Amino acid sequence: MTVTRDQRPAEATLDFLRSAFPPEWREPALGREAVAAWEAENGVVLPEPYRTFVADISNGSSLGPAGDGGLQPLGWLPDTWPGLGPRQPGKPFPLQAAWHWEGDEDAAPEDPRIEAAFNNGSVVLGCEDGQTFWLLLTTGPRRGEVWMITDVGAVPAPEDQAWGFEEWVRRWHTGEDWWD
């Protein structure tokens, strides 16, 4: 694996992320050494500005973009996460475009691409309505994008012009609808 670290985010980006998550709602930041250890263990370098956010600002928050429980700490899974096998953030994310497997005649319920979409090449940011999950892609050509995955498919959020972590937080923070 040869993924280099992204350039450190601009201070304006970090200032925005600090303001979006007031200190009283933040979980303690992990620190750079702990993030580097997690990356080494999982064979991946986290995309910026998420990497700096969990290292220096907050490793999750009960307040946040994900409706059910806020922003998950790095490597944690919501209680409703489907048990489809081990999480492997360093393995390639299998999709490059939206895929609605529920209506795909070529996709059986045990299609290995479904398990790979849930488990490979991402970290879970949080959950909406119990069975809808926000992912931050950690590998592949769409690395750094936020996607939504459910029991019926996976899509970049919103659609093909997917947001990165900062834009995803901005949409939540300003109260804009996810799909406008």
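Residues numbered from 1 in each chain as written. Predicted model: local features only at pLDDT ≥ 70, side-chain atom pairs only at ≥ 80, totals over all residues. Heavy atoms only, no water.

Caption draft 1: Molecular detail of unusual backbone geometry. The omega torsion of the bond from E48 to P49 falls at 5°, within 30 degrees of zero and hence cis. Relative to the elements of secondary structure, P49 occurs in the loop between α2 (32-42) and α3 (50-57). Here the amide bond leading from A157 into P158 is cis, since omega sits at -10°, within 30 degrees of zero. Inspection of the secondary structure puts P158 in the loop between β4 (154-156) and α5 (165-173). (Helix = DSSP H or I, 4+ residues; strand = E, 2+ residues; numbered from the N terminus.)

Caption draft 2: Representation of the pairing of strand β2 (residues 132-137) in the model. The buried fraction of β2 is high, at six of six residues. The side-chain alternation of β2 yields two buried faces, one formed by T132, W134 and L136 and the other by F133, L135 and L137. Summarising the sheet, strand β1 (residues 122-128) and β2 pair through six bridges and their orientation is antiparallel. Across the sheet, residue V123 finds its bridge partner in β2, namely L136. In this antiparallel pair of consecutive strands, β1 and β2, the connection spans three residues, and D129 shows a positive phi of 55°. (Buried < 20%, exposed > 50% of the residue type's maximum accessible area, 1.4 Å probe, protein only. Pairing = 2+ DSSP bridges.)

Caption draft 3: The arrangement of the side chain of N59 in detail. Within the secondary structure, N59 sits in the loop between α3 and α4 (112-119). Given the relative accessible area of 9%, N59 is considered buried. A distance of 2.7 Å separates the side chain of N59 from the backbone nitrogen of L74, its partner in a polar contact. Leave out the neighbours within four places in its chain, and N59 touches E27, P28, A29, L30, V54, P73 and L74. (Polar contact = N/O pair within 3.5 Å; in protein donor to acceptor, adjacent residues only side chain to side chain. Contact = heavy atoms within 4.5 Å.)

Caption draft 4: Just the pattern of salt bridges, in detail. Here the structure, examined in full by the defined rule, presents eight salt bridges. Residue D56 is joined to R8 by a salt bridge in which the shortest nitrogen-to-oxygen separation is 3.3 Å. Of the two residues, D56 sits in helix α3 while R8 sits in the segment before α1 (11-20), which places them 48 residues apart along the sequence. Relative accessible area serves as the criterion here: at 35%, D56 is assigned to the partly exposed category. In this structure R8 comes out as partly exposed when scored by relative accessible area, which is 43%. In this structure, R18 and D15 form a salt bridge, with 2.9 Å as the shortest nitrogen-oxygen distance. Of this pair, R18 and D15 both sit in helix α1, separated by three residues, roughly a single helical turn. Classification of R18 as partly exposed rests on a relative accessible area of 30%. A relative accessible area of 42% places D15 in the partly exposed class. The network of salt bridges with shared partners includes R8, R32 and D56. (Salt bridge = Lys/Arg side-chain N within 4 Å of Asp/Glu carboxyl O.)

Caption draft 5: The arrangement of the pairing of strand β3 (residues 146-149) in detail. Burial of the side chains of β3 extends over both faces: V146 and M148 are buried on one face and W147 and I149 on the other. As paired elements, β2 and β3 share four bridges and run antiparallel to each other. When the sheet's bridge partners are listed, L136 is paired in β3 with V146. Across three bridges, the pairing between β3 and β4 is antiparallel. Of the residues in β4, the one forming a bridge with I149 is A154. Counted between consecutive antiparallel strands, the loop separating β3 from β4 contains four residues.

Caption draft 6: Expanded view of α5. Listed in full, the buried residues belonging to α5 are F165, W168, V169 and R171. Here the buried residues of α5 occupy an arc of 160° about the axis, which is enough to place them on one side. In this structure, the buried side of α5 is in contact with α1, α3, β1, β2 and β3. Just beyond α5, the residue with positive phi is G175, at close to 80°. (Arc of directions from axis to C-beta.)

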